[in-house]
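Working through the structure, step by step
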Amino acid sequence: MDLDALVRQFQKGDKTAFKDLYDRYAENICGVIHTIIKNRERSEELCQDVFVKIWENSASYDPSKGRFFTWILNIARNAAIDELRSKTHKNQKKNLQIHSLVDMIGEMDAIEDKPEAIGVKSLLKGLKEKCLLLIDLLYFRGYTQKEAAEELKAPVGTIKTRIRSCILQIRKNMKG
Amino acid sequence: MDIEKYIASGILELYVAGALSPEENLEVQHYAIEYPKIQQEIEAIEAALLEVTEKMSPGLSESTYNQIIAEIDDVIPFTPEVRKKKTLWTNYAGWAAALLFAIGMVWMYVGNQNLKTELQISSQQAENLKDEIIRVRTQITNTEETLKRLREKSISLVNLDGQDIAPESYAKVFWDQSRQMVVIDALGLPNPPVGYAYQVWSLMLNPLTPTSLGLLSDFEENEKRLFELENPNASEAFGITLEPAGGSKSPTLEQLYTLGQVSP
């Protein structure tokens, strides 16, 4: 079944379609959450919560407003950022300004022997910190192009061409 | 439209991120439908992002999905379509309730006003009935008194017969000499024409001397046609004539309706 048909079935309350979508995207959603909150167990719990939310709010997905993955990505990062905020609230010493993806890659440098770390590293090979920062803001933090431009003190046009070249590099790395 | 330039602008990467304005989103979707190459590019960008995010996952356990399903099934069962409608319904429920309440209030108010009016009418009717009862009782008392008086021994009855102008008419005079009163029973007289009234006369016959006893005033309103008049005279006969309203000093004999002699 193609994605559009699957999503339509899911929106009608079809649990089989929901399972298919879960199989397709669960690791991605969990990866997004893990990148933001950096807590393995908690990210699995949050991942569950996010899929329950996706099911409960299925009717609110409007295909005319964007891709299905973009929609669930938004739900996932909102849940993760909320989690981060409530945690930071409890422990004021923690710094919210850290950049997840950059951090994550840094952490992975430290534990190089992990197979997953090797996978990420090869995928993000050749990406400058500028790229990681921008991917982090746009895909993991949900910044708009304008917000990202303000954050990085660059014109919107630059933001667009830069993210283009960053993703292109990943696509190149994917082909090996 | 230069498709290559559009793709190179980086707008599609932002589209997948959800970082565009709603207008830009619609624009991208429009072009994606129109140009398959743009659609392919969007999917390729998404695939790259899926690759990255998947690599970032710590790995999910087998039980995760079952836990999600358990949680979903624990929630009140629903289908998303129904849920949407339900949400819509609850949005309007408050307004609907308010509207119903307002209609109810108006309805109650109108109903209450109607009841008040009905109550007023009912109590008015009760008042009227009470008045009617009092009136009827008074009438009965009056009639009984009249009857009692007419039956007294001292009463003498004088029959007045119809004269030339109205041979069919008649009247009775009950004369209570001790009280110097007469009761005229005028049931046998026709209603007087407008602007005229019956006048009762006490007559002495030798020579013929009429003395007015008074008018049968409000003739038509007096349903029993019983009229009480004073008569201090030593009457030998009684006569009733039709006179202009207000009465005359002497009887108009051409308009003598009834006449009767007191029996010696």
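For the structure, check the block above.
The paragraphs below set out a description of the structure included in this document. Positions within a chain are numbered from 1, following the residues in the order the chain's sequence is written. Note on labels: chains are lettered from A, ligands numbered from 1, in written order. Local features are withheld for residues below a pLDDT of 70 in this predicted model, meaning they are given only at 70 or higher, and side-chain atom pairs are given and counted only at 80 or more; totals for whole chains, interfaces and linings count all residues. To obtain the side-chain values, all non-hydrogen atoms of the structure were included, while hydrogens and water were left out.

Now for the overall build of chain A. The helix and strand labels rest on DSSP assignments: H or I over at least four residues marks a helix, E over at least two residues marks a strand, and numbering proceeds from the N terminus. Helix and strand counts for chain A come out as nine helices and zero strands. Starting at the N terminus, the α and β elements of chain A follow one another as α-α-α-α-α-α-α-α-α. With a 1.4 Å probe rolled over the protein chains alone, any residue whose accessible area is under 20% of its type maximum counts as buried; one over 50% counts as exposed, and the rest are partly exposed. Across the 176 residues that make up chain A, the buried fraction comes to 50%. Here, residues are in contact when the closest pair of their heavy atoms is within 4.5 Å. Long-range pairs, those at least 24 residues apart, make up 60% of the contacts in chain A between residues at least 6 apart in sequence. Where accessible areas are quoted, they stem from the Shrake-Rupley method and a 1.4 Å probe; at the residue level, only the protein chains shown are allowed to cover. For chain A, the accessible area works out to roughly 8,800 Å², and carbon and sulfur atoms hold 50% of it.

Counting from both sides, the interface comprises 60 residues of chain A and, opposite them, 54 residues of chain B. By convention, the term buried area covers the 1.4 Å-probe accessible surface removed from two parts as they join, with the contributions of both added. Both sides of the chain A and chain B interface together cover about 5,100 Å² of buried area, and 63% of this is carbon and sulfur. The term salt bridge refers to a pairing of a side-chain nitrogen on Lys or Arg with a carboxyl oxygen on Asp or Glu at a separation within 4 Å. At the boundary of chain A and chain B, one finds five salt bridges. Salt-bridge contacts for K15 of chain A lead to D73 of chain B; the nearest nitrogen and oxygen are separated by 2.4 Å. What qualifies as a polar contact is a pair of N or O atoms within 3.5 Å, subject to a donor-acceptor requirement within protein and to the restriction that residues adjacent in sequence count only when both atoms come from side chains. If you look at where chain A meets chain B, you find 20 residue pairs in polar contact (both at pLDDT 80 or more). Listed by contribution, the elements that provide at least two residues to the side of chain A that touches chain B are α1 (3-11), α2 (15-37), α3 (40-56), α4 (68-90), α5 (100-110), α6 (115-123), α7 (129-140) and α9 (156-174) of chain A. Examining the composition of the side of chain A that touches chain B, we find that 13 residues originate from one element, α2 of chain A, more than from any other. Within the side of chain A that touches chain B, the residues separate by chemical class into 28 nonpolar, 17 polar and 15 charged. Here the term charged refers only to Asp, Glu, Lys and Arg, the term nonpolar to Ala, Val, Leu, Ile, Met, Phe, Trp, Tyr, Cys and Pro, and the term polar to all other amino acids, Gly among them.

Let us now look at the sheet that holds strand β8 (residues 256-261) of chain B. All names here are of chain B. One open sheet accounts for eight strands, arranged β5-β4-β7-β8-β1-β2-β3-β6; its pairing is antiparallel. The open sheet is flanked by β5 (208-215) and β6 (226-230), the only strands paired with a single partner. When the angles between neighbouring strand axes are averaged without regard to direction, this sheet yields 25°. Strand pairing is defined by DSSP finding a minimum of two bridges between the two strands. Alignment of strand β3 (residues 181-185) against β6, held across five bridges, turns out to be antiparallel. Along β6, the bridge assignment pairs M181 with E230. Only the stretch in contact is used when a helix axis is fitted, and all axes are lines through C-alpha atoms; the angle between N-to-C directions ranges over 0 to 180 degrees.

Tallied over the entire structure, the rule returns 16 salt bridges over all chains. Note that D136 of chain A and R141 of chain A form a salt bridge whose closest N and O atoms lie 3.8 Å from each other. For the pair D136 of chain A and R141 of chain A, one class covers both residues: buried. Its salt-bridge partner being E127 of chain B, residue K130 of chain B comes within 3.9 Å of it at the nearest N-O pair.

All right, on to α3 of chain A then. One fewer than the residue count of a helix, multiplied by 1.5 Å, yields its expected span. An ideal rise of 1.5 Å per residue puts 24 Å on 17 residues; α3 of chain A measures up with 25 Å between its terminal C-alpha atoms. The residue sitting at the N-terminus of α3 of chain A and contributing the capping side-chain oxygen is N39 of chain A; that oxygen lies 3.2 Å from the backbone nitrogen of E41 of chain A.

Next up on the list: the nonpolar core. We call a set of buried residues a nonpolar core when its members are Ala, Val, Leu, Ile, Met, Phe, Trp, Tyr or Cys and they connect through side-chain atoms within 4.5 Å of each other. Core analysis: the biggest nonpolar cluster contains 83 residues, and F18, I29, L138 and Y139 of chain A have the highest contact counts within it. It is α2 of chain A that contributes the most residues to this core, 12 residues altogether. In this view, F18 of chain A contacts F10, F51, I54 and W55 of chain A together with Y65, I68, I69 and I72 of chain B; residues no more than four positions away in its chain are not counted. Core analysis: the second largest hydrophobic core is formed by 22 residues, L213, I240, Y257 and V262 of chain B among them.

The subject of this paragraph is α9 of chain A. Residue and element names in this part refer to chain A. Compared with the 27 Å implied by 1.5 Å per residue over 19 residues, the 27 Å span of α9 between its first and last C-alpha is a close match. Looking at α9, one finds that the buried residues are I159, K160, R162, I163, R164, C166, I167, I170, R171 and N173. Phi turns positive, to about 80°, at G176, one or two residues after α9.

Let us now look at a nonpolar patch on the surface. Residues and elements named next belong to chain B. Note that patches include only residues with greater than 30% relative accessible area and no salt bridge, and the join distances are 9 Å for like charges and 5 Å for nonpolar side chains (Val, Leu, Ile, Met, Phe, Trp, Tyr). Together, V106, Y109 and V110 make up an exposed nonpolar region whose accessible area comes to about 300 Å². Relative to the helices and strands, V110 resides in helix α6 (residues 80-150). The exposure class of V110 is partly exposed, given its relative accessible area of 41%.

Right, let's get into the packing of α2 of chain A against α3 of chain A. Residue and element names in this part refer to chain A. Where α2 contacts α3, the axes come no closer than 9 Å and their chain directions differ by 140°. The angle between the axes of α2 and α3 places the two elements in the oblique class. Note that α2 runs across α3; the crossing there is right-handed. Between α2 and α3, the contacting residues are K15, F18, Y22, Y25, A26, I29, C30, I33, H34 and I37 on the first element and R40, R42, S43, E44, L46, C47, V50, F51, I54 and W55 on the second. Convention used here: angles under 35 degrees read as roughly parallel, angles over 145 as roughly antiparallel, angles from 65 to 115 as roughly perpendicular, and any remaining angle as oblique. The crossing is said to be left-handed when, going from far helix to near helix, the turn is anticlockwise and less than a right angle, and right-handed when the turn is clockwise.

So yeah, pure geometry; function would need other evidence.
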